[in-house]
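Here's the letter readout for the chains.
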Amino acid sequence: MKDKALLFINGEPPKSFPELSDFGLIACTDGAFHYLKQLDFPLEKLDFISGDFDSHSGSDDSVYDDKFIFTPDQNKTDFHKALEIILQKGYKNIDVLGASGGEQDHFLGNLTVAFSFKEKLNIKFYDEFSEYFFIPKNFVLKNVKDCMISLYPFPIAENIFTKGLNWSLNGESLNITSRIGTRNFAVQEDVSVEYEKGDLLVFVGSRYL
C-alpha cells in the first residue's frame, strides 16, 4: 500500500498534476474541487472532498455526494480539517498543491497550519516555483545542485551549519525580524543543514541561472 497522500487546497491551481498512481489517497478541499473540475482532473480518483462548503456549488456535484465530508468548524481552516481527516486515515506523508498564490493571508495561514502538524505529519508543498517544507534539526537535501535554496526561520533558528550551499552558515542564527536565509543556491548535489534550536522552513526552487 502506498503511504503517501495528495491534497489539493484552494490557492493557485497547479499547472500540472503529479503521477496519481504514486499516492494511496487523493483528496481536496471544497474550493479546490471547483478548479479540479475546470482542469478536467479525473474526479473519480478523489477519495474525499472536505470543507464547510461555502465555496461549493454546481449542478453536477451530486454525482460525488458520497465523497463529501462536511467539516463546519469555523475555528479551523479547510486545510487544517483535511489534514486531520488524512491523519485519521493513517497517512503521515502528504504532498500539498494549491497552497500558494491568490490571497497571501491564506498562504501564510497554510504555513502556520503545516507548522502545527510538523510533529505528526510530513507535509511537502509544491507550486510552479518551488517545493517547501519544514525540516528537522538534522536534514539532507538530495539532488539539488544548481537549485535555489532558501532557509526561512519560523520565527527563529539558532546555531545553523550548512554544507553544499554557495553561502554557508557556520553556527549563525536566523530570525524572521532581522536576518533570513533566502536566495542561496546549491553548489553540490546534496546539501546538509543542521541547527540547534527553533524551526526552519526550506524552499527548494528552480535551477539557479
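In this report, the structure presented in the accompanying data block is examined. As the structure is a prediction and not an experimental result, all values here were calculated from the model.

With that out of the way, let us pick up helix α1 (residues 30-38). In terms of burial, α1 is a largely internal element, eight of the nine residues being buried. Residues of α1 that are buried sit in contact with β1 (4-8), β2 (25-29), β3 (48-51), β4 (68-70), α2 (78-88) and β5 (93-97).

Note that the residue after phenylalanine 154, namely proline 155, is joined by a cis bond; omega there is -5°. Checked against the element boundaries, proline 155 lands in strand β9 (residues 147-163). Of note, asparagine 143 is a non-glycine position whose phi angle comes to about 55°, a positive value. Note on placement: asparagine 143 falls in the loop between β8 (138-141) and β9. Phi angles above zero are rare outside glycine, and asparagine 159 is one such case at about 55°.

Turning our attention to the nonpolar core. Core analysis: the largest hydrophobic core is formed by 28 residues, its most contacted members being Leu7, Leu83, Val96 and Phe125. Residue assignment for this core shows that the elements contributing at least two residues are β1, β2, α2, β5, α3 (104-116), β6 (122-126), β7 (130-135) and β13 (197-207). Top contributing element to this core by residue count: α2, with five residues. If near-sequence neighbours (up to four positions away) are discounted, valine 96 is found in contact with Leu7, Ile9, Phe79, Ile123, Lys124, Phe125 and Tyr126.

Enumeration over the complete set of coordinates arrives at 13 aromatic pairs. When the ring of phenylalanine 17 is compared with that of phenylalanine 41, the centres are 4.9 Å apart and the planes differ by 75°; the resulting orientation is edge-to-face. Taken together, the positions of phenylalanine 17 in the loop between β1 and β2 and phenylalanine 41 in the loop between α1 and β3 put the pair 24 residues apart, joining distant regions of the chain. Judged by relative accessible area, phenylalanine 41 falls into the buried class, the value being 4%. Aromatic rings pair up to connect Phe79, Phe107, Phe125, Tyr132 and Phe203 into one cluster. If you follow lysine 124 out to its NZ or CZ, it ends over the ring of phenylalanine 133, 4.6 Å from the centre.

About the criteria used
Residues numbered from 1 in each chain as written. Predicted model: local features only at pLDDT ≥ 70, side-chain atom pairs only at ≥ 80, totals over all residues. Heavy atoms only, no water. Buried < 20%, exposed > 50% of the residue type's maximum accessible area, 1.4 Å probe, protein only. Helix = DSSP H or I, 4+ residues; strand = E, 2+ residues; numbered from the N terminus. Contact = heavy atoms within 4.5 Å. Core = buried A, V, L, I, M, F, W, Y, C linked by side-chain atoms within 4.5 Å. Phe/Tyr/Trp six-rings, centres within 6.5 Å; stacked < 30°, edge-to-face > 60°. Lys NZ or Arg CZ within 6 Å of the ring centre and 35° of its normal.

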